[in-house]
Amino acid sequence: MPPYAFFKKQFVPLAEAKIGVMTHAFNYGTACFEGIRGNWNPEEKQIYLFRPQEHCLRLLQSCRILKINVPYTVDEICEMSREVVERCGYQEDVYVRPLAYKSSELLGVRLHDLEDDFLIFAIPFGPYLDVDAGARCGVTAWRRIDDNMIPARAKITGVYVNSALAKTDAHDNGYDEAIMLTADGHASEGSGENLFLVMGNKLVTPSVTENILVGITRQTIITLAQAELGLETVERPVDRTELYTADECFLTGTAAHVTPVVEVDHRPVGSGIVGPVALALQRVYFDIIRGRNKKYRDWCLPAYPKLVRTP
Ligand code: PMP
């Protein structure tokens, strides 16, 4: 089966989904997107899309900020995302990318008086960071963009220049991942992940006003920490040096899942190995995203509905 995409209102082979060189979004970064993981469950031969509703809602919110008109509802985008995966017939972990963009082929930096279009593709996608060994992070000199520059809470393609500068800076300095500070020097997030600290019997994470992308994995972990481990999460500004003194640190994201951070700026975090809280959260989280925990089954959408057994 060739990979399929949803492009210009229909399902087409991915190879046929092409845009012109003058496309506004390509020239000016005027697109909003989502990344939804589909997690392969080998026993059921099923792929579970994780929290697609939340991702599709965030996409529509991003589009509202960027004045992109999407003629579909959250439910319709979820269903189309599922159908793209089903048509591709993948039997492995995948990543689904819905993307809404300014599609006019003309010159002119603006958001108004432009056409919009919408596409979805899905590709096989394995681990992003090393969830077992953990990541070595460095605080990058590239500051996180501010809400009044390019809003970080919108998942806008152009925003990812900020993430790309940070990620490559970290890579070039021998780290696995970057941690970005806000303009006023508080820890914001990784290049594609939210940031958590374990401090005593609490989790601490930068608040939504710290120029973070308000992550769906972040919310998932806040919920699971409380419900499964009895750990409260405090959302507040986080100083850079708190990263050095926390008991544990970890990153969360659709791509990164729950990735422990074992080192920040050449200082071991806690004892310098994967900590017990990150490990406990990983255990519940990995079961849930593959549809193995009945309690949280509502978060999982099966890509192959014909395989769903009714109890
Ligand atoms: N921050 C940034 C900059 C990201 O790109 C992502 C990945 N989408 C996240 C945080 C984590 O968000 P989520 O858990 O919704 O994937």
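Rules used throughout
- Residues numbered from 1 in each chain as written.
- Predicted model: local features only at pLDDT ≥ 70, side-chain atom pairs only at ≥ 80, totals over all residues.
- Heavy atoms only, no water.
- Domains from an automatic or database assignment.
- Contact = heavy atoms within 4.5 Å.
- Buried area = accessible area lost by both parts, 1.4 Å probe.
- Salt bridge = Lys/Arg side-chain N within 4 Å of Asp/Glu carboxyl O.
- Polar contact = N/O pair within 3.5 Å; in protein donor to acceptor, adjacent residues only side chain to side chain.
- Helix = DSSP H or I, 4+ residues; strand = E, 2+ residues; numbered from the N terminus.
- Nonpolar A, V, L, I, M, F, W, Y, C, P; charged D, E, K, R; others polar.
- Pairing = 2+ DSSP bridges.
- Buried < 20%, exposed > 50% of the residue type's maximum accessible area, 1.4 Å probe, protein only.
- Expected span 1.5 Å × (residues − 1).
- Arc of directions from axis to C-beta.
- Core = buried A, V, L, I, M, F, W, Y, C linked by side-chain atoms within 4.5 Å.
- Near = heavy atom within 4 Å.
- Areas by Shrake-Rupley, 256 points an atom, 1.4 Å probe, with all protein chains shown as cover.

Draft legend 1. Representation of the domain arrangement of the protein. In terms of domains, the protein is made up of domain 1 (4–124) and domain 2 (135–274). Listed per partner, the contact involves 20 residues of domain 1 and 17 residues of domain 2. When domain 1 packs against domain 2, close to 1,500 Å² is buried across both sides, 65% of that on carbon and sulfur atoms. Along the contact surface separating domain 1 from domain 2 lie zero salt bridges. The interface formed by domain 1 and domain 2 includes ten residue pairs in polar contact (both at pLDDT 80 or more). In terms of residue count, the dominant contributor to the side of domain 1 that touches domain 2 is helix 2 (residues 52–65) (five residues). Residues that form the side of domain 1 that touches domain 2 fall into these classes: nine nonpolar, six polar and five charged.

Draft legend 2. Focus on the pairing of strand 1 (residues 4–7). Across four bridges, strand 1 lies against strand 2 (residues 10–13) in antiparallel orientation. Considered in strand 2, the bridge of Tyr-4 is made with Pro-13. Where strand 1 hands over to strand 2, the hairpin turn is made up of two residues, of which Lys-8 adopts a positive phi near 50°. For strand 1 and strand 7 (residues 116–124), the ladder comprises three bridges, and the chain directions are antiparallel.

Draft legend 3. Summary view of the pattern of salt bridges. Across all of its chains, the model carries 18 salt bridges by this definition. With a closest N to O distance of 3.1 Å, Lys-8 and Asp-117 form a salt bridge. Of this pair, Lys-8 sits in the loop between strand 1 and strand 2 while Asp-117 sits in strand 7, and the two are 109 residues apart along the sequence. The exposure class of Asp-117 is buried, given its relative accessible area of 14%. Ionic pairing is found between Glu-235 and Arg-218, a salt bridge with its closest N-O pair at 2.7 Å. Taken together, the positions of Glu-235 in strand 13 (residues 232–235) and Arg-218 in helix 5 (residues 216–229) put the pair 17 residues apart, joining distant regions of the chain. Glu-235 gets classed as partly exposed once you look at its relative accessible area, which sits at 38%. Look at Arg-218 and you get buried, because its relative accessible area is 1%.

Draft legend 4. Examining helix 2 more closely. Its 14 residues place the ends of helix 2 20 Å apart at the C-alpha level, agreeing with the 20 Å of an ideal helix rising 1.5 Å per residue. Where helix 2 is concerned, the buried positions are Pro-52, His-55, Cys-56, Arg-58, Leu-59, Ser-62 and Cys-63. Within helix 2, the buried residues cover an arc of 160° as seen down the axis, which keeps them to one side.

Draft legend 5. Up close: the nonpolar core. Membership of the largest hydrophobic core comes to 34 residues, with the highest contact counts inside it found for Ile-47, Val-70, Ile-77, Val-85, Val-96 and Phe-118. Within the residue set of this core, elements represented by two or more residues are strand 4 (36–41), strand 5 (46–50), helix 2, helix 3 (74–88), strand 6 (94–102) and strand 7. Ranked by the residues each element gives to this core, the list is headed by helix 3, at seven residues. Taken together, domain 1 (4–124) and domain 2 (135–274) each give at least three residues to this core, which thus spans both. Discounting residues that sit within four places of it in the chain, Ile-47 has contacts with Gly-38, Asn-39, Trp-40, Val-85, Tyr-90, Glu-92, Val-94, Leu-301, Pro-302, Ala-303 and Tyr-304.

Draft legend 6. Main features of the site of the ligand. Neighbouring the ligand are 17 residues; Tyr-160, Glu-189, Ile-216, Thr-217 and Thr-254 lie closest to it. One of the side-chain nitrogen or oxygen atoms of Lys-155 is found 2.9 Å away from a nitrogen atom of the ligand. Across the complex, the protein chains shield 96% of the 380 Å² of accessible surface that the ligand would expose by itself. Elements that contribute at least two residues to the shell around the ligand include exactly helix 2, helix 5 and strand 14 (248–253).

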